[in-house]
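These are the residues of each chain, in order.
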Amino acid sequence: ISLEKLEIDRSEVTKIQLVMDDYEDFSFLRDYPNLEDLVMKRDRRSTKRTDMSFLSDLTHLKRLYLKDTGFHDFTTIADLQLKNLNLNEENIEHIELLYQMKTLKHLAISRNLQKSIDFDRLRKEIPGIKIMTKQFGGSMKNILKSSWLPVLCSLLPCLLASLIFESNYIASQILGEDDQP
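Residues numbered from 1 in each chain as written. Predicted model: local features only at pLDDT ≥ 70, side-chain atom pairs only at ≥ 80, totals over all residues. Heavy atoms only, no water.

## Focus: the sheet that holds strand S2 (residues 37-41)
Judged by pairing direction, the sheet is parallel, and its six strands sit side by side in the order S1-S2-S3-S4-S5-S6 without closing on themselves. At either margin of the open sheet sits one strand with a lone partner, and together these are strand S1 (15-19) and strand S6 (130-134). Here the strands of the sheet are splayed against their neighbours by 5° on average, with no regard to which way each runs. Relative to strand S4 (residues 84-88), strand S3 (residues 63-67) runs parallel, the two sharing five bridges. (Pairing = 2+ DSSP bridges. Helix = DSSP H or I, 4+ residues; strand = E, 2+ residues; numbered from the N terminus. Axes fitted to C-alpha atoms, helices over the stretch in contact; angles between N-to-C directions.)

Written as structure tokens, this is what we have:
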């Protein structure tokens, strides 16, 4: 199943999750003018840099999750009015623009970006921001005790959509696109 082939009113779509291994060109996302939640990830780790300039056109975007996408230029999202940003990426240029994202309420970043960010400055520039740094082997107990519990609960619908998307994707690989219900 391809997003390009779906016959739906694209102005009503507010959430999309993509496994990027199946796509090369993402410009079709510009056709979703009211997109608020975007999850993009690769299942296979790649060092390939991806043109993500289309992100700057997604002006209604509130929540963005990028994992191993090849995202490398922060200028493409610096002017968005994001509330939640989850970056599991490497070597992002112009990361200093993060300090100007005054609408940001929640930031989750991977270990490899932690050295690029001055957390004291970030808290000063964006008072009240909740920051979660991802580290392998982290304690779920600490996450549940923290103020991140409401954030995690708010992501449950997105996680459920992710599970459904993944199961449909696996079914399409096993059955083939023509055999799906």
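Read on for the rest.
## What about the packing of aromatic side chains?
Considering all chains together, one arrives at one aromatic pair under this definition. A centroid spacing of 6.0 Å and a plane angle of 35° characterise the contact between Phe26 and Phe54, whose relative ring orientation is tilted. Here Phe26, found in the loop between S1 and S2, pairs with Phe54, found in the loop between S2 and S3; they are 28 residues apart in sequence, far enough to count as distant. With a relative accessible area of 3%, Phe54 lands in the buried category. Between Arg121 and the ring centre of Tyr99, over which it is positioned, the NZ or CZ distance is 3.9 Å. (Phe/Tyr/Trp six-rings, centres within 6.5 Å; stacked < 30°, edge-to-face > 60°. Buried < 20%, exposed > 50% of the residue type's maximum accessible area, 1.4 Å probe, protein only. Lys NZ or Arg CZ within 6 Å of the ring centre and 35° of its normal.)

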